Amino acid sequence: MTSASDVAELLRERILSGEVSPGARLQQTPLSEALGVSRTPLREALAQLAKEGLLIYEPNRGYAVRGFSAAEIGAAFKVRARLEALACGLVATVGAPPDVIVRLRDCIAEGDRILSKRTLDPDDLAPYRRMNVDFHETIIATCGNRFVGDFVRQCHNVPMASDRVFIWEDYQVIARSHDDHHRILDAIVRRDAQRAEDLMQEHIYFAWLVLLRKLEASPGVEAGTVQLVERI
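Note that the structure is predicted; figures quoted are calculated from it, not measured. Residue positions are given per chain, counting from 1 as you read along its sequence in written order. pLDDT decides what is reported in this predicted model: residues at 70 or higher carry local features, side-chain atom pairs at 80 or more are listed and counted, and totals for whole chains, interfaces and linings draw on all residues regardless. Excluded from the side-chain calculation are hydrogens and water; included are all heavy atoms of the structure.

(A) How the structure looks around the nonpolar core. In this structure, Ile-73, Tyr-128, Ile-139, Ile-184, Ile-188 and Leu-211 are the most contacted members of the largest nonpolar core, which totals 52 residues. Secondary structure elements follow DSSP: runs of H or I of four or more residues count as helices, runs of E of two or more count as strands, with numbering from the N terminus. Looking at this core, the elements with two or more residues in it are helix 4 (70–94), helix 5 (98–115), helix 6 (125–142), helix 7 (146–156), helix 8 (171–189) and helix 9 (193–217). Ranked by residue count, the leading element in this core is helix 9, at 10 residues. Among all residues touching Ile-139, those that are not within four sequence positions of it are Ala-87, Cys-88, Val-91, Leu-104, Ile-184, Ile-188 and Met-200. With 18 residues, the next largest nonpolar core counts Leu-11, Ala-45, Leu-54 and Tyr-63 among its residues. Think of a nonpolar core as a cluster: buried Ala, Val, Leu, Ile, Met, Phe, Trp, Tyr and Cys residues, connected wherever their side-chain atoms sit within 4.5 Å. Burial classification: accessible surface area is computed with a 1.4 Å probe over protein chains only, and a residue below 20% of its type maximum counts as buried, one above 50% as exposed, and the rest as partly exposed. The criterion used for residue contact is that any of the two residues' heavy atoms lie within 4.5 Å.

(B) The arrangement of the pairing of strand 3 (residues 62–65) in detail. Pairing of strand 1 (residues 25–26) with strand 3, which is carried by two bridges, proceeds in the antiparallel orientation. Residue pairing in the sheet places Arg-25 in a bridge with Ala-64 of strand 3. Pairing between strands is defined by DSSP: at least two bridges between the two strands are required. Here strand 2 (residues 55–58) runs beside strand 3; their pairing, made up of four bridges, is antiparallel. Residue pairing in the sheet places Tyr-57 in a bridge with Tyr-63 of strand 3.

(C) Here's a closer look at the side chain of Arg-12. With respect to the helices and strands, the residue Arg-12 is situated in helix 1 (residues 4–16). Look at Arg-12 and you get buried, because its relative accessible area is 18%. Setting aside residues up to four positions removed in sequence, Arg-12 forms contacts with Leu-49, Glu-52 and Leu-54.

(D) Here's a closer look at the packing of aromatic side chains. When the centres of two rings from Phe, Tyr and Trp lie within 6.5 Å, Trp using its six-membered ring, the rings pair. Their planes under 30 degrees apart give stacked, over 60 give edge-to-face, and anything left gives tilted. Per the stated rule, a full pass over the model turns up four aromatic pairs. Taking 5.4 Å as the distance between ring centres and 45 degrees as the angle between the ring planes, the aromatic pair formed by Tyr-128 and Trp-168 counts as tilted. Here Tyr-128, found in helix 6, pairs with Trp-168, found in the loop between helix 7 and helix 8; they are 40 residues apart in sequence, far enough to count as distant. Taking relative accessible area as the criterion, Trp-168 reaches 3% and is therefore assigned buried. A centroid spacing of 6.4 Å and a plane angle of 25 degrees characterise the contact between Phe-147 and Phe-151, whose relative ring orientation is stacked. Here Phe-147 pairs with Phe-151, and both are found in helix 7, just four residues apart, close to one helical turn. Classification of Phe-151 by relative accessible area gives partly exposed; the value is 40%.

Don't take any of this as a statement about function, it's just geometry.
Here is the structure:
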């Protein structure tokens, strides 16, 4: 990993997954040593992430992971819900290619396997997250409109609105969410565009409601700024 784009992708994933929390400072020297990269591509990567809105730069203090208010997170969820609903509708209208259907079914099967334990194992969070990201991004990539993907990625730059973040503590909540995946795929296969759109929009809005309840109950929410979301 030597290019600025590689470093930016690694840091982006760590921020979006919650591994690096809002407010965390990214100091170039220790970060360069930890990642095993020179400071030149690291500086370029940090500047790129600041341009994307994931980091903020303060003179003489360097870069920090940007925090977002609950209102900003909610606004990003609403836009993401509409965009991903549109993607579902487009895929259902045209009809998903057989290989896409197979991939989406594989995602659902993986989720079923994980949830078959009837409890949430901390070790299962990472594979469930990968499954979820693959499910959503496969639909977006298949919709035939590149602007949908571009704008969804902008929404993901509000980290807690990303499809990589979960409140991994209530089995029934996760099981309910994964059941949405089943119904969304069924609507796509049946080419019921309106139902596919409605299901995806509700699916993402439900994720926002779960997160909002967590934020409202969290002692880390002060002055409208989200400081803590439980991530396992």
